[in-house]
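Descriptive structure summary
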Number of protein chains: 2
Amino acid sequence: MRIGILGAGQLGRMLALAGYPLDHQCVFYDLSGSPSAGIGEIIDDPDGSRLDEFLDKVDRVTYEFEHLPLEVVRQIADQKPLFPGVKSLAVCQNRAEEKALFERLSIPTAAYRLVSTAEELAEAAESLGCPVVAKSVTEGYDGKGQAVIRDPREASGAWERIGHKMLLVEAFVDFSRELSIIAARGQDGEVAIYPMAENVHVDGILRYSFAPAPNLCTEVAAEAEAFIKMLLDELGHVGVLTLELFETPDGLMANEMAPRVHNSGHWSIEGATTSQFENHLRAVAGLPLGDTVAHRPTCMINIIGKAGNDEDLLRLPYAHLHRYGKAEREGRKIGHVTVQADSYEELVWRVRNCASLLPGTPELSCSLTRK
Amino acid sequence: MRIGILGAGQLGRMLALAGYPLDHQCVFYDLSGSPSAGIGEIIDDPDGSRLDEFLDKVDRVTYEFEHLPLEVVRQIADQKPLFPGVKSLAVCQNRAEEKALFERLSIPTAAYRLVSTAEELAEAAESLGCPVVAKSVTEGYDGKGQAVIRDPREASGAWERIGHKMLLVEAFVDFSRELSIIAARGQDGEVAIYPMAENVHVDGILRYSFAPAPNLCTEVAAEAEAFIKMLLDELGHVGVLTLELFETPDGLMANEMAPRVHNSGHWSIEGATTSQFENHLRAVAGLPLGDTVAHRPTCMINIIGKAGNDEDLLRLPYAHLHRYGKAEREGRKIGHVTVQADSYEELVWRVRNCASLLPGTPELSCSLTRK
């Protein structure tokens, strides 16, 4: 099967790599002008004139990035089967719709306001109680288009900096850790759920993911599984869906979701029987989903901005290197390393060794190191 | 690094798949007229006129197939670093040189004669004692160019059928099972050795590989490791080398070797920390070698001639499917399935389940089923 992927970054690259053993060929459609996947055929189309050419080459379409113009996506869905569907994409690319969905399904989430002026932002900060987080309703990812407001008087500055027409303002959540749950749903409604990951973000960018999340209560895991099942079914989702959550003393709170393979699921390439990439493609292709069991404690470390010395990394017998074919640039995800061990204690030791070889990687601080 | 691969079949395809995470791009050079790798750039050059174009595109050259014209390989090695080197290739493509090397290093191997007429073949069959196996000295693989001679009077028919100028005639080895050992050697002489595999051939074609080989005496493993280390060092080999062996009541006997990744090492994609493909590329690129530890009993089943129903296979939670992008054709390797389990007992059960879904796959008969 020929699978078209909207976007041509590292997620698409890893989807394509998972596709070859299933005899799926991936063709990329890139609107950004800077495709990096470096694999398969790439239709580089910054002015949008080559969409038909792309569609002629593929049997089905999926995407590695949800911030796509909805009118283009609808046009695509009219011509080829698109998975996940337009509904999933529309909800996940808009924080206001996402919040409304969480509320409709009674999935706990931070209190929020929608504001469309600096004055409304100041009022929201006042009524929700500072600190609050202001986020652009659309197009934000990796901490972009966000600001923390610690005093309502900072509202106008934050409004200017973010520069969007509508912001979602959220009460600050006092969480003990960040978690994510990733699941795939097939065209027949079958659902395969991965063990949850504990994620460490610094400055809004994911740095470390541990999976299975250490010391996770079975009740908490069951709650998260119930949330993602509801979301998958409500959206009629086909493919991988990722839900980011906060663990708080009062239970889980949904943060945001993504209708795609996710950075916090990269551990599954080595760590799970079937990777998130393979399961996404299986769902898109209408194949049965694969087993999501994790066999050993696993950690994914992002390589951001600057690469280390690959030779030093590869000398560690437990490090799996994944470079994305991208040049170094500040804040850019250019690769990741996966580390496995037989115990979390050994894993932390190995992760620290690895991280010491990756310039600019913040020191590990997670539930395993805070005792 | 841009790595050129001579040949564009499934071994090249799996090398390329292992190369992307290391940021290596593979370019293929195909002389066969029927490249199947289906990944990366392929220089399709049945008349040999585009070699310079290929060499311009790559930094280093390796190969997935050893039956290459030596004059072409020498020409390549004059222009770009070639790993494994010409010496490894020259020895491994010629059974007479291979045998001489085994003898020089005191690696036990079956008694043999070289013959260049049907009469000499009959004499060799007589003196070695039937049955004997006659093999073309060059170009034979997957049981091609071979004949078993059960009576010296069959010699002239066998000579005609094989149709080569020189044959190597071997005494029949009464073995209890077939094993292989795979190792990678780096440019600095570092060696990484995989756990041995037990291989099940039917009609000269590999059907099943179990790794680590079950019930293997540590002395036998140590002997095989000593053999392959001697071979690697003697050849100054860089990359993966595979040695096929017979286990007999009197110890190991070398059968043949290949200067490349090998079908009996495909299990390492899921079964070892670092796959044979990644370690081959690491050696070619001058990077440190990766850990070869196997974590669980693993079996590779070849898909030959005809595919099963992929959906049925993918429904088995323990089956990893690898299709090669090749059309069905009798006797052709078109894919493989890897199965893992926590015990050999469970593994055999799973392998049988899998094999029942692959048409034409012979019933499993190996050391685990013969009690």
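Residues numbered from 1 in each chain as written. Chains lettered and ligands numbered in written order. Predicted model: local features only at pLDDT ≥ 70, side-chain atom pairs only at ≥ 80, totals over all residues. Heavy atoms only, no water.

A look at the pairing of strand E1 (residues 2–6) of chain A
Residues and elements named next belong to chain A. Across the five residues that make up E1, a large majority, four, are buried. Relative to strand E2 (residues 25–30), E1 runs parallel, the two being bridged by five bridges. When the bridges of E2 are listed, Ile3 appears paired with Cys26. Across four bridges, the pairing between E1 and strand E4 (residues 60–63) is parallel. Paired with Ile3 across the strands is Arg60, a residue of E4. (Buried < 20%, exposed > 50% of the residue type's maximum accessible area, 1.4 Å probe, protein only. Helix = DSSP H or I, 4+ residues; strand = E, 2+ residues; numbered from the N terminus. Pairing = 2+ DSSP bridges.)

A closer look at the sheet that holds strand E6 (residues 132–136) of chain B
Pairing between sheet strands relies on hydrogen bonds along the backbone, with the strands arranged either parallel or antiparallel. All names here are of chain B. Taken in spatial order, the four strands line up as E5-E8-E6-E7 in an open sheet, and their pairing is antiparallel. Every interior strand has two partners, whereas the edge strands, strand E5 (112–115) and strand E7 (146–149), have only one. Adjacent strand axes in the sheet meet at a mean angle of 20 degrees when their direction is disregarded. Strand direction decides the pairing type here: E6 and strand E8 (residues 167–171), joined by five bridges, are antiparallel. If you follow Ala134 over to E8, its bridge partner there is Val169. Running over the sheet, helix H7 (residues 155–162) touches E5, E6, E7 and E8 and is turned about 175 degrees from E7. (Axes fitted to C-alpha atoms, helices over the stretch in contact; angles between N-to-C directions. Contact = heavy atoms within 4.5 Å.)

Let's talk about the pattern of salt bridges
All names here are of chain B. In the structure shown here, the tally under the stated rule is 42 salt bridges over all chains. Taking the shortest distance from any N to any O, the salt bridge between Arg153 and Asp151 comes out at 2.9 Å. By relative accessible area, Asp151 is classed as partly exposed at 23%. A salt bridge links Asp310 to Arg323, with the shortest nitrogen-to-oxygen separation between them at 2.8 Å. (Salt bridge = Lys/Arg side-chain N within 4 Å of Asp/Glu carboxyl O.)

Examining the domain arrangement of chain A
Domain parsing of chain A yields domain 1 (2–82), domain 2 (111–171) and domain 3 (177–355). For domain 1 of chain A versus domain 2 of chain A, the separation of C-alpha centres amounts to 33 Å. (Domains from an automatic or database assignment.)

A closer look at the packing of aromatic side chains
Residues and elements named next belong to chain B. The full count for this structure, using the stated rule, is six aromatic pairs over all chains. Aromatic side chains Tyr194 and Trp267 sit 6.1 Å apart centroid to centroid with 90 degrees between the ring planes, which places their arrangement in the edge-to-face category. Here Trp267 lies in the loop between strand E14 (251–258) and helix H9 (268–271) and Tyr194 lies in the loop between strand E10 (191–193) and strand E11 (197–202), a separation of 73 residues in the sequence. Assigned by exposure class, Tyr194 and Trp267 land together as buried. (Phe/Tyr/Trp six-rings, centres within 6.5 Å; stacked < 30°, edge-to-face > 60°.)

Topic: helix H7 (residues 155–162) of chain A
All names here are of chain A. Turning to H7, its buried residues number three or more, namely Ala155, Ala158, Trp159 and Ile162. The buried residues of H7 occupy an angular sector of 105 degrees when projected down its axis, which confines them to one face. Residues of H7 that are exposed and point more than 90 degrees away from the buried face comprise Glu160 and Arg161. On the buried face of H7, the contacting elements are strand E5 (112–115), helix H6 (118–128), strand E6 (132–136), strand E7 (146–149) and strand E8 (167–171). (Arc of directions from axis to C-beta.)

Quick notes on the environment of Ser356 of chain A
Residues and elements named next belong to chain A. Along the chain, the position of Ser356 falls in the segment after helix H12 (344–355). Overall, the relative accessible area of 57% leaves Ser356 in the exposed class. Along the backbone, Ser356 and Ala18 are 338 residues apart, and their C-alpha atoms lie at a distance of 30 Å. A polar contact of 2.6 Å, which involves the side chain of Ser356, links it to the backbone oxygen of Asn353. (Polar contact = N/O pair within 3.5 Å; in protein donor to acceptor, adjacent residues only side chain to side chain.)

Remarks on the state of the cysteines
Residues and elements named next belong to chain B. Counted under the stated rule, the structure contains zero disulfides over all chains. Considering cysteine sulfurs only, Cys366 is the nearest to Cys299, which forms no disulfide, with 7.6 Å between them. What makes Cys299 buried here is its relative accessible area of 0%. (Disulfide = S-S within 2.5 Å.)

Some points on the nonpolar core
Core analysis: the biggest nonpolar cluster contains 69 residues, and Phe28 and Ile39 of chain A together with Phe28, Ile39 and Trp267 of chain B have the highest contact counts within it. If we skip the residues at most four places from it in the chain, Ile39 of chain B touches Tyr20 and Ile39 of chain A together with Arg13, Ala16, Leu17, Tyr20 and Phe28 of chain B. (Core = buried A, V, L, I, M, F, W, Y, C linked by side-chain atoms within 4.5 Å.)

Some remarks on the interface of chain A and chain B
Of the residues lining the interface, 31 residues belong to chain A; the matching set on chain B comes to 31 residues. Taken over both partners, the interface formed by chain A and chain B buries close to 2,600 Å², and the fraction arising from carbon and sulfur atoms is 55%. The tally of links between chain A and chain B comes to four salt bridges. On the surface where chain A and chain B come into contact, there are 14 residue pairs in polar contact (both at pLDDT 80 or more). Mapped by element, the contributors of at least two residues to the side of chain A that touches chain B are helix H1 (10–19), helix H10 (276–285), helix H11 (310–315) and strand E16 (319–323) of chain A. When residues in the side of chain A that touches chain B are grouped by element, the largest group, five residues, is from E16 of chain A. Among the residues making up the side of chain A that touches chain B, the classes are represented as 13 nonpolar, eight polar and 10 charged. (Buried area = accessible area lost by both parts, 1.4 Å probe. Nonpolar A, V, L, I, M, F, W, Y, C, P; charged D, E, K, R; others polar.)

Concerning the sheet that holds strand E4 (residues 60–63) of chain B
Residues and elements named next belong to chain B. Read from one edge of the open sheet, four strands run E3-E2-E1-E4, paired in parallel fashion. The sheet is open, and its two borders are formed by strand E3 (41–44) and E4, each paired with just one other strand. Each strand of the sheet is rotated relative to its neighbour by a mean of 25 degrees, with strand direction disregarded. Taken together, the four bridges between strand E2 (residues 25–30) and E3 define a ladder with parallel strand orientation. Bridge assignment links Phe28 to a residue of E3, and that residue is Ile42. Seen against the sheet, helix H1 (residues 10–19) touches strand E1 (2–6) and E2 and runs at an angle of roughly 165 degrees to E2.

Topic: the side chain of Thr292 of chain A
Residues and elements named next belong to chain A. Looking at the element boundaries, Thr292 is found in the loop between H10 and strand E15 (298–304). Classification of Thr292 as buried rests on a relative accessible area of 11%. Among the polar contacts made by the side chain of Thr292, one reaches the main-chain carbonyl oxygen of Ile193 at a distance of 2.8 Å. Aside from chain neighbours lying at most four places away, what touches Thr292 is Ala192, Ile193, Tyr194, Pro195, Ala272 and Asn279.

A closer look at the packing of helix H6 (residues 118–128) of chain B against H7 of chain B
All names here are of chain B. In the contact formed by H6 and H7, the axes pass within 8 Å of each other and the chain directions differ by 125 degrees. Viewed along their axes, H6 and H7 adopt a mutual orientation that is oblique. Of the two elements, H6 crosses H7, and the hand of that crossing is right-handed. Residue-level inspection shows Ala118, Leu121 and Ala122 of H6 in contact with H7, the latter providing Ala155, Ser156, Ala158 and Trp159. (Parallel < 35°, antiparallel > 145°, perpendicular 65-115°, else oblique. Left-handed = near helix turned anticlockwise from the far one by under 90°.)

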